[in-house]
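Per-entry structural report
Now for the letters of each chain:
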Amino acid sequence: MATIGEELKRERNRRGLTIKDVERVLHIRAAYLEALEEDNYNIIPGDVYVKGFIGNYADFLGLERHRFIDRYKSIIGEPLGVPIRKIKPRRVPAHEEVEKEVAVVPPASKRLTYTSRQQRRKKTLAQERLAVTIILICIVLFLIWLFFM
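In what follows, the accompanying structure is described. Everything numeric here is computed off the predicted structure, so don't read it as measured data.

Cut-offs applied
- Residues numbered from 1 in each chain as written.
- Predicted model: local features only at pLDDT ≥ 70, side-chain atom pairs only at ≥ 80, totals over all residues.
- Heavy atoms only, no water.
- Helix = DSSP H or I, 4+ residues; strand = E, 2+ residues; numbered from the N terminus.
- Buried < 20%, exposed > 50% of the residue type's maximum accessible area, 1.4 Å probe, protein only.
- Contact = heavy atoms within 4.5 Å.
- Areas by Shrake-Rupley, 256 points an atom, 1.4 Å probe, with all protein chains shown as cover.
- Core = buried A, V, L, I, M, F, W, Y, C linked by side-chain atoms within 4.5 Å.
- Axes fitted to C-alpha atoms, helices over the stretch in contact; angles between N-to-C directions.
- Left-handed = near helix turned anticlockwise from the far one by under 90°.
- Nonpolar A, V, L, I, M, F, W, Y, C, P; charged D, E, K, R; others polar.
- Phe/Tyr/Trp six-rings, centres within 6.5 Å; stacked < 30°, edge-to-face > 60°.
- Lys NZ or Arg CZ within 6 Å of the ring centre and 35° of its normal.
- Salt bridge = Lys/Arg side-chain N within 4 Å of Asp/Glu carboxyl O.

Further remarks concern the overall build of the chain. From N to C terminus, the chain includes six helices and zero strands. Traced from its N-terminal end to its C-terminal end, the chain shows the element sequence α-α-α-α-α-α. By residue count, 21% of the 149 residues in the chain fall in the buried class. For the chain, long-range pairs separated by at least 24 residues make up 51% of all intrachain contacts whose partners lie at least 6 apart in sequence. Looking at the chain as shown, the accessible area adds up to about 12800 Å², and 60% of this sits on carbon and sulfur atoms.

So, in structure tokens, the structure goes:
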């Protein structure tokens, strides 16, 4: 049975690709690609990177990604599949302040109609005009005071 690197290299050569071609497409350094093909995984900084590089390389070559990653996991002694974490149930402290009953929310007020929204808009515009007018009068009075004093 061929190793992971031998299969990757054989498929790359069958497709007529160079290491530089693969590097350009996958953005994986050529040194790492050569290390994968030589089954020299110590050059690559970590197992997570090795698994990612093997998976991306296999995908690029049209090979089964998970088959290659599972073979690498068996080489390093990692269990196959997704590890299941044991979850400890959290204890929620009981507080006396916490209400046990759900508060009843009163129904929303009557929905606004188009005419009531227009009336509110007119009222708001009148209030805004009054505020702007008062501010302008104050500014004019201040400027008159500055000019004559």
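Moving on, there is more to tell.
Here we come to the nonpolar core. Core analysis: the biggest nonpolar cluster contains 19 residues, and Ile4, Leu8, Leu36, Tyr41, Val50, Ile54 and Tyr57 have the highest contact counts within it. Only helix H1 (4-14), helix H2 (19-26), helix H3 (30-37), helix H4 (47-60) and helix H5 (65-76) provide two or more residues apiece to this core. Broken down by element, this core gets its largest block of residues, five residues, from H4. Setting aside chain neighbours within four positions, we find Tyr41 in contact with Ile4, Gly5, Leu36, Val50, Ile54 and Tyr72.

Here the phi dihedral of His27 falls at roughly 60 degrees; this positive angle occurs in a residue that is not glycine. Take His27: it is sitting in the loop between H2 and H3.

Remark: H2 packs on H3, axes separated minimally by 9 Å, with the N-to-C direction vectors making an angle of 120 degrees. Classified by chirality, the crossing of H3 by H2 is right-handed. Of the residues in H3, those in contact with Ile19, Lys20, Val22 and Glu23 of H2 are Ala30, Leu33, Glu34 and Glu37. Among the residues forming the contact of H2 with H3, the class breakdown is four nonpolar, no polar and four charged.

The subject of this paragraph is the environment of Glu23. With respect to the helices and strands, Glu23 occurs in helix H2. Between the alpha carbons of Glu23 and Tyr57 there is a distance of 9.7 Å; along the sequence they are 34 residues apart. Not counting residues within four places of it along the chain, the set of residues in contact with Glu23 comprises Ile28, Arg29, Ala30 and Leu33.

The tally for this structure, following the rule as stated, stands at five aromatic pairs. Measuring from centroid to centroid gives 5.6 Å for Tyr32 and Phe53, while their planes differ by 25 degrees, and the two rings are stacked. With Tyr32 in helix H3 and Phe53 in helix H4, this residue pair connects regions lying 21 residues apart in the sequence. Geometry around Tyr32 places Arg29 over its ring, the cationic atom sitting 4.8 Å from the centre.

It is worth spelling out the pattern of salt bridges at this point. A full pass over the atoms with the stated rule returns nine salt bridges. Measuring nitrogen to oxygen at the nearest pair gives 2.6 Å for the salt bridge that ties Arg14 to Glu11. Here Arg14 and its partner Glu11 are both found in helix H1, three residues apart, which amounts to about one turn of the helix. Judged by its relative accessible area of 12%, Glu11 falls in the buried class. The partner of Glu11 in a salt bridge is Arg15, and the shortest N-O contact between them spans 2.9 Å.

This part is about H3. Summarising burial for H3: six of the eight residues are buried, a large majority. Restricting attention to buried positions, one finds in H3 the residues Ala30, Tyr32, Leu33, Ala35, Leu36 and Glu37. Residues of H3 that are buried sit in contact with H1, H2 and H4. At the C-terminal side of H3, Asp39 shows a positive phi close to 55 degrees.

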